[in-house]
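# Report on the structure
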Amino acid sequence: MSEKFWLVVQYPLKSAKGSQRDIWLRDKVTEYLDISLADANLGCVDGFDMGKCISDPKKYALNIFCIITEEERSIALVKKVLRESRLDYTRIKIATMPYGELGTYTLKYAYKKGVTDFSL
């Protein structure tokens, strides 16, 4: 049995509920990632949340949660799918955390160089 991880793709939002575009983006990213991860036998999408960030209530985010088995391959696949599908790849952060543990997410990819922090 492979080790499992949580993987979260985070998009910044301008409001707690998001725009129609943000809702469309949430649905498309969820659909594309679920299909791609399943086809590659790497995992699945486990849900999402939209709204205020826990760490800073003045900021808003869309978080899409996945359960994955191979961390590096899954991150590469997620980046490829979002880039090739033109799903706002230039705005994302990707972070992971071991599955089944209470801990903090570790930032694995950020849309901008120099970004080192990640929080839900």
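For the structure, see preceding data.
Predicted model, so just to flag it, every value in this text is computed and none were measured.

## Observations concerning the packing of aromatic side chains
- Considering all chains together, one arrives at 3 aromatic pairs under this definition.
- With centroids separated by 6.0 Å and ring planes inclined at 65 degrees, the aromatic side chains of Y105 and F118 adopt a geometry described as edge-to-face. Linking Y105 in the loop between β4 (93-98) and β5 (106-110) with F118 in the segment after β5, this pair joins segments that are 13 residues apart in sequence.
- Here the basic side chain of R83 rests over the ring of Y89, its NZ or CZ set 5.2 Å away from the ring centre.

## Description of the nonpolar core
- Counting 25 residues, the largest nonpolar core has V9, Y11, L33 and L82 as the members making the most contacts within it.
- Taken together, the elements giving at least two residues each to this core come down to β1 (5-13), α1 (20-39), β3 (60-68) and α2 (71-84).
- With near-sequence residues (within four places) excluded, Y11 lies in contact with L25, V29, Y60, A61, L62, L82, L87, D88, R91 and I92.

## A closer look at the packing of α1 against α2
- At their nearest, the axes of α1 and α2 sit 10 Å apart, and the two run at 135 degrees to each other. Comparing their axes, α2 and α1 come out oblique. Judged by the sense of rotation from one axis to the other, the crossing of α1 with α2 is right-handed. Counting all contacts with α1, which are made through V29, Y32, L33, S36 and L37, the residues of α2 involved are S74, L77, V78, V81 and L82.
- Here the contact of α1 with α2 is built from residues that sort into 8 nonpolar, 2 polar and no charged.

## Some words on the sheet that holds β5
- Read from one edge of the open sheet, 5 strands run β2-β3-β1-β4-β5, paired in antiparallel fashion. With partners counted over all chains shown, the strands left at the sheet margins are β2 (43-52) and β5, one partner each. Strand-to-strand, the axes of this sheet are offset by a mean angle of 25 degrees, without reference to chain direction.
- Here β2 pairs with β3 via 9 bridges, running antiparallel. Note that in β3 the partner of M50 across the bridge is L62.
- Packing against the sheet, α1 makes contact with β1, β2 and β3, and its axis sits at approximately 160 degrees to β2.
- The sheet strands contacting α2 are β1, β3, β4 and β5, and the helix crosses β1 at an angle near 30 degrees.

## Brief notes about the pattern of salt bridges
- Under the defined criterion, the tally for this structure stands at 6 salt bridges.
- A salt bridge links D27 to R26; the shortest N-O distance between them is 3.0 Å.
- What makes D27 partly exposed here is its relative accessible area of 40%.
- Two residues, E71 and K108, come together in a salt bridge whose shortest N-O distance is 3.5 Å. Of this pair, E71 sits in helix α2 while K108 sits in strand β5, placing them 37 residues apart in sequence.
- Through salt bridges with shared partners, a single network forms among R21, D88 and R91.

Rules used in this analysis
- Residues numbered from 1 in each chain as written.
- Predicted model: local features only at pLDDT ≥ 70, side-chain atom pairs only at ≥ 80, totals over all residues.
- Heavy atoms only, no water.
- Phe/Tyr/Trp six-rings, centres within 6.5 Å; stacked < 30°, edge-to-face > 60°.
- Helix = DSSP H or I, 4+ residues; strand = E, 2+ residues; numbered from the N terminus.
- Lys NZ or Arg CZ within 6 Å of the ring centre and 35° of its normal.
- Core = buried A, V, L, I, M, F, W, Y, C linked by side-chain atoms within 4.5 Å.
- Buried < 20%, exposed > 50% of the residue type's maximum accessible area, 1.4 Å probe, protein only.
- Contact = heavy atoms within 4.5 Å.
- Axes fitted to C-alpha atoms, helices over the stretch in contact; angles between N-to-C directions.
- Parallel < 35°, antiparallel > 145°, perpendicular 65-115°, else oblique.
- Left-handed = near helix turned anticlockwise from the far one by under 90°.
- Nonpolar A, V, L, I, M, F, W, Y, C, P; charged D, E, K, R; others polar.
- Pairing = 2+ DSSP bridges.
- Salt bridge = Lys/Arg side-chain N within 4 Å of Asp/Glu carboxyl O.

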